[in-house]
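This is what each chain is made of:
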Amino acid sequence: PQSGQGGHAYLREGLWWAGLLCMGVGEAANFAAYAFAPATLVTPLGALSVLVSAVLSSIFLNEQLNVHGKIGCILSILGSTVMVIHAPQEEEVSSLESMAEKLKDPGFIVFAVCVLVSSLLLIFVAGPRYGQSNVLVYVLVCSAIGSLSVSCVKGLGIALKELFSGKPVLKEPLGWVLLVCLVICISIQINYLNKALDIFDTSVVTPIYYVLFTTAVMTCSAILFKEWQHMVLDNIIGSISGFLTIVSGIFLLHAFRDMPFSPSLLPLFLQPGRAEPHPPWASAGTHQSCQHQPLLPSEDKGSQSAEEEEEEEE
């Protein structure tokens, strides 16, 4: 059976493994970015990968990038630039000890429990009933679990920095716990994202997954690392505006990807070859005004006069 029906036939495809390997290389670079930058900044910039894939698809796979897609690419670039300019400054977490203190925060514990409970309900209750008909079921699972995986990546990045500086990180149990949690979270994400892509169209899954995943990660990072605590109002508005601009660009890029855009869809005055040689007002003098035109056509007038003559003869 297919992945949408609980099967894993794609594991026997060499092309799938090649794609997974390429994604792994990209995620390794993404992993390094999380170690040195706020998660609220790194995650929304993942929209650039969607932009690059759309451009490369139009070049190598001969896929058409219509006007909506080009506008979406421009909006994604503009939104990413705005988010970089107004990026929040996360609270300094430079060691596993400080990371452990963050993980013990009551706010994060409540958030993590809510994520786990809601994910279990979606998997075991909503999944069998609505998973085949509602795109939000499996995408919500990927997004919720993905927010926890980003926190694990952030902690492992700190652990690697300490390891390269010569500290005995391998003896710390927190690093191994974060690694196990990361493997579990990524496995769940891959499984349910494949199910969503197998059931629904990519143009529907990709923008919804991006919006929900980025929102969940930004919420988790704001709770765990207090990234928004010391931001001024201008930077908050700029970050939110940049994120909404990226969302608009991703929506245009995917939602209208298969919609053909030809010159016939333009208004008549913008269509090439259909423009009037003279503006309407140029020939206005050659036509009679509506006020001086007869109310009835000439043929009607002729028929009326013939009827009057017949009546007179009678």
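Definitions and limits used
Residues numbered from 1 in each chain as written. Predicted model: local features only at pLDDT ≥ 70, side-chain atom pairs only at ≥ 80, totals over all residues. Heavy atoms only, no water. Bend = angle between axes of the 7 residues up to and from the residue. Helix = DSSP H or I, 4+ residues; strand = E, 2+ residues; numbered from the N terminus. Buried < 20%, exposed > 50% of the residue type's maximum accessible area, 1.4 Å probe, protein only. Polar contact = N/O pair within 3.5 Å; in protein donor to acceptor, adjacent residues only side chain to side chain. Patch = residues over 30% accessible without salt bridge, like charges linked within 9 Å, V, L, I, M, F, W, Y side chains within 5 Å. Areas by Shrake-Rupley, 256 points an atom, 1.4 Å probe, with all protein chains shown as cover. Salt bridge = Lys/Arg side-chain N within 4 Å of Asp/Glu carboxyl O. UniProt positions renumbered as here; feature names shortened; annotations may be inferred. Axes fitted to C-alpha atoms, helices over the stretch in contact; angles between N-to-C directions. Parallel < 35°, antiparallel > 145°, perpendicular 65-115°, else oblique. Contact = heavy atoms within 4.5 Å. Nonpolar A, V, L, I, M, F, W, Y, C, P; charged D, E, K, R; others polar. Phe/Tyr/Trp six-rings, centres within 6.5 Å; stacked < 30°, edge-to-face > 60°. 1 Å grid on protein atoms, 1.4 Å probe; cavity = no way out; pocket = protein on both sides within 12 Å on 5 of 7 lines; lining within 4 Å. Points joined across faces, edges and corners; volume = space filled by probe spheres on them. Disulfide = S-S within 2.5 Å. pLDDT = per-residue confidence, 0-100. Left-handed = near helix turned anticlockwise from the far one by under 90°.

Overview of helix 6 (residues 106-130)
Part 1 of the reasoning: At Leu-122, helix 6 shows its maximal bend, which comes to roughly 35°.
Part 2 of the reasoning: Along helix 6, the residues classified as buried are Phe-108, Phe-111, Ala-112, Val-115, Ser-119, Leu-122, Ile-123, Ala-126 and Gly-127.
Part 3 of the reasoning: Here helix 6 starts with a cap whose side-chain oxygen sits 3.1 Å from the backbone nitrogen of Gly-107, and that cap is Asp-105.

Looking at a nonpolar patch on the surface
Part 1 of the reasoning: On the surface, a nonpolar cluster with roughly 650 Å² of combined accessible area is contributed by Ile-109, Val-113, Val-117, Leu-120, Leu-121, Phe-124 and Val-125.
Part 2 of the reasoning: Locating Val-117 in the fold gives a position in helix 6.
Part 3 of the reasoning: Take Val-117: its relative accessible area is 44%, and that puts it in the partly exposed class.

Here's the deal with the UniProt feature "transmembrane region" (unreviewed entry) in the chain
Part 1 of the reasoning: Under the UniProt annotation, the feature "transmembrane region" (unreviewed entry) is placed at residues 15-34, 41-61, 67-87, 108-129, 135-153, 174-192, 204-224 and 236-256.
Part 2 of the reasoning: Regarding residues 67-87, the helix share stands at 90% and the strand share at 0%, and the terminal C-alpha atoms are separated by 30 Å.
Part 3 of the reasoning: Summarising residues 174-192: 100% helix, 0% strand, and an end-to-end C-alpha distance of 27 Å.

Some thoughts on the packing of helix 1 (residues 14-36) against helix 7 (residues 136-164)
Part 1 of the reasoning: One way to put it is that helix 1 packs onto helix 7 with a least axis distance of 8 Å and a crossing angle of 75°. The angle between the axes of helix 1 and helix 7 places the two elements in the roughly perpendicular class. Counting all contacts with helix 1, which are made through Phe-31, Tyr-34, Ala-35 and Phe-36, the residues of helix 7 involved are Val-150, Val-153, Lys-154, Leu-156, Gly-157, Leu-160 and Lys-161.
Part 2 of the reasoning: In the contact of helix 1 with helix 7, the residues fall into 8 nonpolar, 1 polar and 2 charged.

Let's talk about the packing of aromatic side chains
Part 1 of the reasoning: Across all of its chains, the model carries 2 aromatic pairs by this definition.
Part 2 of the reasoning: Ring geometry for Tyr-138 and Tyr-192: centres 5.6 Å apart, planes at 35°, overall tilted. One end of the pair, Tyr-138, is in helix 7; the other, Tyr-192, is in helix 8 (residues 173-199), with 54 residues separating them in the sequence. Take Tyr-138 and Tyr-192: they sit in the same class, and that class is buried.

Quick notes on the pattern of salt bridges
Part 1 of the reasoning: Under the criterion given, the structure shown has 1 salt bridge.
Part 2 of the reasoning: A salt bridge links Lys-167 to Glu-162, with the nearest nitrogen and oxygen atoms 4.0 Å apart.
Part 3 of the reasoning: According to the relative accessible area criterion, Lys-167 is partly exposed, its value standing at 44%.

Details of the layout of surface pockets
Here the idea is plain: a probe the size of a water molecule rolls over the atoms and shows the empty space left.
Part 1 of the reasoning: Roughly 280 Å³ of volume is contained in the second largest pocket.
Part 2 of the reasoning: Around the second largest pocket, the lining comprises 15 residues; the ones closest to its centre are Leu-148, Cys-152, Leu-178, Cys-181 and Cys-185.
Part 3 of the reasoning: The set of elements that each furnish at least two residues to the lining of the second largest pocket consists of helix 6, helix 7 and helix 8.
Part 4 of the reasoning: It is helix 8 that contributes the most residues to the lining of the second largest pocket, 7 residues altogether.
Part 5 of the reasoning: Considered class by class, the residues forming the lining of the second largest pocket number 14 nonpolar, 1 polar and no charged.

Re the state of the cysteines
Part 1 of the reasoning: In total, this model carries 0 disulfides according to the counting rule given.
Part 2 of the reasoning: This cysteine, Cys-181, is not joined by any disulfide, and Cys-152 carries the nearest cysteine sulfur, 5.0 Å off.
Part 3 of the reasoning: The class of Cys-181 is partly exposed, set by a relative accessible area of 32%.

Remarks on the side chain of Ser-147
Part 1 of the reasoning: With respect to the element layout, Ser-147 can be found in helix 7.
Part 2 of the reasoning: Judged by its relative accessible area of 1%, Ser-147 is buried.

Here's the deal with the confidence of the model for the chain
Part 1 of the reasoning: The pLDDT averaged across the chain works out to 76; a share of 75% of its residues lies at or above 70.
Part 2 of the reasoning: Across the chain, helix 6 holds the top mean pLDDT of 91, while helix 11 (residues 298-313) sits lowest at 53.
Part 3 of the reasoning: Taken as a whole, residues 283-292 scores under 50 in pLDDT and shows 1 contact with residues more than four places along the chain or in a different chain.

Points about the packing of helix 6 against helix 7
In helix packing, the relevant descriptors are the interaxial angle and the interaxial distance, both defined with respect to the helix axes.
Part 1 of the reasoning: Two elements in contact, helix 6 and helix 7, have axes separated by 9 Å at closest approach and are oriented at 155°. Here helix 7 runs roughly antiparallel to helix 6, going by the angle between their axes. By crossing handedness, the relation of helix 6 to helix 7 is classed as left-handed. Facing helix 6, whose interface residues are Phe-108, Phe-111, Ala-112, Val-115, Leu-116, Ser-119, Leu-122, Ile-123, Ala-126, Gly-127 and Tyr-130, helix 7 presents Val-137, Tyr-138, Leu-140, Val-141, Ala-144, Ile-145, Ser-147, Leu-148 and Ser-151.
Part 2 of the reasoning: Per-class residue counts for the contact of helix 6 with helix 7 are 16 nonpolar, 4 polar and no charged.

A closer look at the environment of Glu-172
Part 1 of the reasoning: Following the sequence through the fold, Glu-172 ends up in the loop between helix 7 and helix 8.
Part 2 of the reasoning: By relative accessible area, which is 31% here, Glu-172 ends up partly exposed.
Part 3 of the reasoning: Between the C-alpha atom of Glu-172 and that of Leu-96, which follows or precedes it by 76 residues, the distance is 8.3 Å.
Part 4 of the reasoning: When sequence neighbours within four positions are dropped, the list of residues in contact with Glu-172 reads Leu-96 and Glu-97.

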